[in-house]
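Structure at a glance
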Amino acid sequence: MNMPTALRIERHDRVMTLTLDRPERKNPLTFELYADLHRLFLTLRDDDDTRVVIIRGAGENFCSGGDVHEIIGPLTTSTPNEQLAFTQLTGNLVKAMRACPQPILASIDGVCAGAGAILAMASDLRYLSTRASVAFLFVRVGLAGCDMGACAMLPRIIGLGRASELLFTGDALDAPRALAWGFANAVVEPEFLHKHVAAVARRFADGPTRAHAATKLALHREISMDFDSAIDLEAKMQAELMQSKDFAIAYEAFSRKQTPIFTGE
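Since we're looking at a predicted model, the values are computed, not measured.

Definitions and limits used
- Residues numbered from 1 in each chain as written.
- Predicted model: local features only at pLDDT ≥ 70, side-chain atom pairs only at ≥ 80, totals over all residues.
- Heavy atoms only, no water.
- Pairing = 2+ DSSP bridges.
- Helix = DSSP H or I, 4+ residues; strand = E, 2+ residues; numbered from the N terminus.
- Axes fitted to C-alpha atoms, helices over the stretch in contact; angles between N-to-C directions.
- Contact = heavy atoms within 4.5 Å.
- Core = buried A, V, L, I, M, F, W, Y, C linked by side-chain atoms within 4.5 Å.
- Buried < 20%, exposed > 50% of the residue type's maximum accessible area, 1.4 Å probe, protein only.
- Polar contact = N/O pair within 3.5 Å; in protein donor to acceptor, adjacent residues only side chain to side chain.
- Salt bridge = Lys/Arg side-chain N within 4 Å of Asp/Glu carboxyl O.

1. Regarding the sheet that holds strand S1 (residues 7–12)
Backbone hydrogen bonds hold the strands of a sheet together, and the pairing may be parallel or antiparallel. Spatially, six strands are ordered S1-S2-S3-S4-S6-S9 in an open sheet, and the strand pairing comes out mixed. Every interior strand has two partners, whereas the edge strands, S1 and strand S9 (186–188), have only one. Neighbour to neighbour, the strand axes of the sheet diverge by 20° on average, direction disregarded. Contacts from helix H8 (residues 193–205) reach S1, strand S2 (15–20), strand S3 (52–57), strand S4 (104–108), strand S6 (125–129) and S9 within the one sheet, and its direction differs from that of S4 by about 170°.

This is how it looks when you write it as structure tokens:
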């Protein structure tokens, strides 16, 4: 796999770590980086060697959003078709993140703004350092909060009123409030943040891979389903998982009072 200069890709023992790697600029996104991330998450659909993904920023920040000079500036003089192609690309990145079967853990330190906040939102779990700050800044550049699925996803995470406040104002969400509002799964001191997320990732990677993928799919699909349809979907998915090797492995381990070693099959 080619490794773009703005993105470090590391894989160790079934855990893939993606590091946005321009710390001197607080790890902004560029046209190329959007495209690289989109392609990468698409490939993860068929990647049996990766069981969990961590996304983080180099240095002391997560991501400052779209690069002002490399994205914002050029977009002001782009044609309507070029602008639409860009917004569709960014939306397709979020679609790819939600469609990839692996759980995505965001390890968020320092600045997490604009499209960086969207990357955090589109992850399955979010872990913040005590100095992290999350801001959906689109209104600050004269754009709407309806960017990359924010109006669809953020209310489901923190509630409609709170999402409305963040998207209308562009105000920052500090770590304590992010935890209280349910945006953060945990808040950790900066020096322990990445180790904490790595430990969570290890637990996921050692778990039943197919079952995790099914949980992620159900959480994503059932948002737009009526309740009875959701119950029917879960019955079908759970019955299919009862045919998996991991289900049998768990039973055998329980019978022997051992810890199951899941194979992901």
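After that view, the rundown keeps rolling.
2. Comments concerning the sheet that holds strand S8 (residues 172–174)
Ordered by their spatial adjacency, three strands build an open sheet running S5-S7-S8, and the pairing between neighbours is mixed. The open sheet is flanked by strand S5 (111–113) and S8, the only strands paired with a single partner. Across the sheet, the mean angle separating the axes of adjacent strands is 20° when strand polarity is ignored. Sheet topology places strand S7 (residues 133–135) next to S8; three bridges connect them, and they run antiparallel. When the sheet's bridge partners are listed, Val134 is paired in S8 with Leu173. Where helix H4 (residues 115–122) meets the sheet, its contacts fall on S5 and S7, and the angle it forms with S5 comes to roughly 90°.

3. Examining the nonpolar core
Residues Leu18, Leu37, Phe41, Phe136, Leu154 and Phe183 are the most contacted members of the largest nonpolar core, which totals 55 residues. Setting aside residues no more than four positions away along its own chain, Phe41 makes contact with Leu18, Val53, Leu93, Ala96, Met97, Cys100 and Ile104. Counting 13 residues, the second largest nonpolar core, distinct from the first, contains Val15, Tyr127, Val200 and Ala205.

4. Observations regarding unusual backbone geometry
Phi is positive for Asp13, close to 50°, though the residue is something other than glycine. Note on placement: Asp13 falls in the loop between S1 and S2. A relative accessible area of 44% means that Asp13 is categorised as partly exposed. In the Ramachandran plot, Met148 falls in the positive-phi region, its phi being about 55° despite a non-glycine side chain. As for its position among the elements, Met148 is in the loop between S7 and helix H5 (150–158). Residue classification places Met148 among the buried residues on the basis of a relative accessible area of 9%.

5. Digging into the side chain of Asp67
Take Asp67: it is sitting in the loop between S3 and helix H2 (68–76). Side chain to side chain, Asp67 and Arg25 meet in a polar contact 2.8 Å long. Ignoring sequence-local partners within four residues, the contact set of Asp67 consists of Arg22, Arg25, Pro28, Leu29, Thr30 and Ile72.

6. Points about the pattern of salt bridges
Counting across every chain of the model gives 18 salt bridges. For Asp124, the salt bridge identified is with Arg98, shortest N-O distance 3.1 Å. Highlighted residues: Asp124 in the loop between H4 and S6 and Arg98 in helix H3 (residues 80–99), separated in sequence by 26 residues. The exposure class of Arg98 is buried, given its relative accessible area of 11%. When salt bridges with common partners are traced through the structure, they connect Asp13, Arg14, Arg202 and Asp206 into a single cluster.

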